[in-house]
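Residue strings, one per chain:
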Amino acid sequence: MALVDENSIDEAGFRMSEATAGDFFALLKPRVMSLVVFTAFVGLVAAPVTINPLLAVIAILAIAIGAGASGALNMWYDADIDAVMTRTSNRPVPAGRVRPGEALAFGLVLSVLSVMTLGVLVNWLSATLLAFTIFFYAVVYTMWLKRWTPQNIVIGGAAGAFPPVIGWAAVTGSVSLESIILFLIIFLWTPPHFWALALFKSEDYGRAGIPMMPNVAGEASTRRQIFAYALVLAPVGVLPWLLGYTTPFYGVAALLLGAGFVWYAWKVLGMADDDRAMRPAKALFAYSLLYLFAIFAVYLADSVIGRVLAAGGS
């Protein structure tokens, strides 16, 4: 039994928090937050109208805080399964550095703060989308889908796909086909990305009782589904060019990146059933991170260069 430091108890007999600022920062899932911020920024910059720079900073900050709030609420609810998984056992709540109530309060306060800031200072459509995203991730995915169905990451992936739509809505006050395509790229990317991880972390998920696809449908079925999603993702990634939203620069880059994704997924499809090293799955997982960052970075560059050239021509 752990001993409680007498210095951590105040005069009223309540235990005082021993969490550090770093522990609360970890609750925000900073690596996930960085991807959310980046894709939201791309949606904001790619929008066909400009926004006051100060409002742009406020919008991105609010989206970042909302993403962090989702992470904190996820860690609060998932503390029991995080504790038995090697990948997550050292998170602040299961490790005992942050109490569950602290994580819950932190997540709820940040949720309200982010949504109200975005609504009052930017516009209420983007704030509504942000509120829906937080709710979808924290309640629909974390509290329901994650422990109930092997399609958890397929449906739940919508939460991670909304940031570019929110960024777009923050600028335009609307949602367009272009922003929906950005949503679809992330939405279709999510299952093969996480199923690649689930292949070589299936024992972890098994101990936690999470019905990830390899644990329920088997590794062979998971490999086939990964490849099927890759075949759909690759052409969807090229759609912005095919529909005239970008230049051939983006189109060629998207074609090459999509071909790479299909190739890595093909290597996963060909894995032997008794392959415990799972190097193809690990390689796909790593490449999928590169793919998403690269395709949005190229989209961002294409949008900025196109706008500069258009301004110079006028």
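Here's what I pulled together on the structure shown here. (Residues numbered from 1 in each chain as written. Predicted model: local features only at pLDDT ≥ 70, side-chain atom pairs only at ≥ 80, totals over all residues. Heavy atoms only, no water.)

1. Concerning the nonpolar core
We apply this condition: The definition of a nonpolar core used throughout is a set of buried Ala, Val, Leu, Ile, Met, Phe, Trp, Tyr and Cys residues joined through side-chain atoms within 4.5 Å. Whether a residue is buried, partly exposed or exposed follows from its accessible area with a 1.4 Å probe, protein chains only, as a fraction of its type maximum: under 20%, in between, or over 50%, in that order. Runs of E in the DSSP output that reach at least two residues are strands. Runs of H or I that reach at least four are helices, and both are numbered from the N terminus. In what follows, a contact means two residues having at least one pair of non-hydrogen atoms within 4.5 Å.
Judged by nonpolar contacts, the single largest core of 92 residues is most densely connected at Leu118, Ile185, Trp195, Phe261, Tyr291, Ile295 and Phe296. Ranked by the residues each element gives to this core, the list is headed by helix H9 (residues 177-200), at twelve residues. With residues near it in sequence (within four places) discarded, Phe261 still touches Trp189, Pro192, Ala230, Leu233, Leu284, Tyr287, Ser288 and Tyr291. Core analysis: the next-biggest nonpolar cluster, separate from the first, contains eight residues, Leu27, Ala79, Val98 and Ala103 among them.

2. Some thoughts on the pattern of salt bridges
Which entries qualify depends on this criterion: In the sections that follow, a salt bridge refers to a side-chain nitrogen of Lys or Arg positioned within 4 Å of a carboxyl oxygen of Asp or Glu.
Evaluation of the coordinates by the stated rule reveals nine salt bridges. In this structure, Glu102 engages Arg99 in a salt bridge whose closest nitrogen and oxygen atoms are separated by 2.9 Å. Taking the relative accessible area as the measure of exposure, Arg99 reaches 31% and is therefore partly exposed. Each of the salt bridges in this network shares a partner with another, and the network as a whole consists of Asp78, Asp80, Lys146 and Arg147.

3. A short note on helix H2 (residues 30-46)
In plain terms, the rule: Expected helix span is computed as 1.5 Å times (number of residues minus one).
Given a rise of 1.5 Å per residue, 17 residues ought to cover 24 Å, and the 24 Å separating the end C-alpha atoms of H2 matches this to within 8%. Listed in full, the buried residues belonging to H2 are Met33, Val36, Phe38, Thr39, Ala40, Val42, Gly43, Leu44, Val45 and Ala46.

4. Quick notes on the packing of aromatic side chains
For the record, the criterion: Ring pairs shown here join Phe, Tyr and Trp side chains whose ring centres sit within 6.5 Å, with only the six-membered ring taken for Trp; geometry is labelled stacked below 30 degrees between planes, edge-to-face above 60, and tilted in between. By definition here, charges over rings are those cases where NZ of Lys or CZ of Arg is within 6 Å of the ring centre and within 35 degrees of the ring normal.
In this structure the tally under the stated criterion is 17 aromatic pairs. Both rings, one in Phe132 and one in Phe162, keep their centres 5.7 Å apart while their planes meet at 80 degrees; by these two values the pair is edge-to-face. With Phe132 in helix H6 (residues 124-144) and Phe162 in the loop between helix H7 (152-161) and helix H8 (163-172), the pair connects residues that are 30 residues apart, well separated along the chain. Taking relative accessible area as the criterion, Phe132 reaches 39% and is therefore assigned partly exposed. Relative accessible area serves as the criterion here: at 15%, Phe162 is assigned to the buried category. Grouped by ring-pair contacts, the aromatic residues Phe132, Phe136, Phe162, Phe183 and Phe187 constitute a single cluster. Positioned above the aromatic ring of Phe200 is the side chain of Lys282, whose terminal nitrogen or guanidinium carbon lies 5.8 Å from the ring centre.

5. Comments concerning the packing of H6 against H8
As a reminder, the rule being used: Only the contacting stretch of a helix is used when fitting its axis, a line to C-alpha atoms as for every element, and angles between N-to-C directions run 0 to 180 degrees. Should an angle lie under 35 degrees it is considered roughly parallel, over 145 roughly antiparallel, and from 65 to 115 roughly perpendicular; all remaining angles are considered oblique. Left-handed describes a crossing whose near helix is turned anticlockwise from the far helix by less than a right angle; the clockwise case is right-handed.
Where H6 meets H8, the closest approach of the two axes is 8 Å, and the angle between their N-to-C directions is 160 degrees. As judged from the angle between their axes, H6 and H8 are roughly antiparallel. Crossing of H6 against H8: the hand is left-handed. For the pair H6 and H8, contact is made by Leu125, Ser126, Leu129, Leu130 and Thr133 and by Val165, Ile166, Ala169 and Ala170, respectively.

6. Observations regarding the environment of Tyr287
Residue position: Tyr287 is located in helix H14 (residues 279-313). Placed 27 residues apart in sequence, Tyr287 and Gly260 show a C-alpha to C-alpha distance of 8.3 Å. When neighbours within four sequence positions are excluded, Tyr287 is seen to be in contact with Leu256, Leu257, Gly260, Phe261 and Tyr264.

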